[in-house]
Amino acid sequence: QVQLVESGGGLVQPGGSLRLSCTASGIIFRFNAMAWYRQAPGKERELVAAITSGDSTNYADSVKGRFTISRDNAKNTVYLQMNSLNPEDTAVYYCNARGVAYYSGSSRSFDTWGQGTLVTVSS
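Parameters and conventions
- Residues numbered from 1 in each chain as written.
- Predicted model: local features only at pLDDT ≥ 70, side-chain atom pairs only at ≥ 80, totals over all residues.
- Heavy atoms only, no water.
- Helix = DSSP H or I, 4+ residues; strand = E, 2+ residues; numbered from the N terminus.
- Rg over C-alpha atoms; globule rule 2.2 N^0.38 Å.
- Buried < 20%, exposed > 50% of the residue type's maximum accessible area, 1.4 Å probe, protein only.
- Contact = heavy atoms within 4.5 Å.
- Areas by Shrake-Rupley, 256 points an atom, 1.4 Å probe, with all protein chains shown as cover.
- Phe/Tyr/Trp six-rings, centres within 6.5 Å; stacked < 30°, edge-to-face > 60°.
- Lys NZ or Arg CZ within 6 Å of the ring centre and 35° of its normal.
- Disulfide = S-S within 2.5 Å.
- Polar contact = N/O pair within 3.5 Å; in protein donor to acceptor, adjacent residues only side chain to side chain.

Undergrad: Before we go on, may I ask you to explain the overall build of the chain in this structure?
TA: Each helix and strand counted, the chain has zero helices and eleven strands in total. Starting at the N terminus and walking to the C terminus, you meet the elements of the chain as β-β-β-β-β-β-β-β-β-β-β. At 14 Å, the chain has a C-alpha radius of gyration in line with the 14 Å of a compact globule built from 123 residues. Overall, the C-alpha framework of the chain stretches about 50 × 25 × 25 Å when taken along its three principal axes. Residue burial in the chain is summarised as follows: out of 123 residues, 42% are buried. Put simply, of all contacts in the chain between residues at least 6 apart along the chain, 55% involve residues at least 24 apart. Surface summary for the chain: the accessible area is close to 6500 Å², and the carbon and sulfur share equals 45%.

Undergrad: I tried to follow the packing of aromatic side chains on my own but got confused; where do I start?
TA: Applying the stated criterion to the full structure yields two aromatic pairs. Judged by centre distance (6.1 Å) and plane angle (85°), the rings of Phe31 and Phe110 are edge-to-face. Of this pair, Phe31 sits in strand β4 (residues 27-39) while Phe110 sits in strand β10 (residues 106-113); the two residues are 79 residues apart in sequence, bridging distant segments of the chain. Look at Phe31 and you get buried, because its relative accessible area is 9%. Residue classification places Phe110 among the buried residues on the basis of a relative accessible area of 6%. When the ring centre of Tyr94 is taken as origin, the NZ or CZ atom of Arg45, which lies over that ring, is 3.8 Å away. Against the face of Trp113 rests Arg45, its NZ or CZ located 4.7 Å from the ring centre.

Undergrad: Looking at this structure, I do not really get the state of the cysteines. What am I missing?
TA: A disulfide bridge is the covalent bond that connects two cysteines by way of their sulfur atoms. Applying the stated rule across the entire model yields one disulfide. Disulfide pairing places Cys22 opposite Cys95 at an S-S distance of 2.1 Å. A torsion of -80° about the S-S bond marks the disulfide between Cys22 and Cys95 as left-handed. Of the two residues, Cys22 sits in strand β3 (residues 18-25) while Cys95 sits in strand β9 (residues 91-103), which places them 73 residues apart along the sequence. When sorted by exposure, Cys22 lands in the same class as Cys95, which is buried.

Undergrad: In this structure, what is going on with the side chain of Thr77? I would like to understand it.
TA: As for its placement among the helices and strands, Thr77 is situated in strand β8 (residues 77-82). A distance of 2.8 Å separates the side chain of Thr77 from the backbone oxygen of Lys75, its partner in a polar contact. For Thr77, the residues in contact, after removing those within four places along its chain, are Ser21, Cys22, Thr23, Ser70, Arg71 and Asp72.

Note that every value here comes from positions in space, so none of it alone points to a role or purpose.
Structure below.
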């Protein structure tokens, strides 16, 4: 199966920056899309940014101009560069990947989530 491992979260002051990474493991034929979601305490999980196989991107209105999603196909890794962070960005950030991989003896579609990484923006 495909597994995702996230890193890069932590505590940052308002106005600061962080870069999150998410690396996929497994025999992956292609990614259809990779995305970052976040869930703040007491709120529902929301889409932050996504990137498709054709490198099209979309962002939540609240992060446009501050966050950038990118990927390194050779490393099966997607990044989220977060600048000008504010306390409202505090949340657990989750990576999601969809595509086709080889496991359990055949090629199969997958839709996989990482374990989440906590981002705290506070002075």
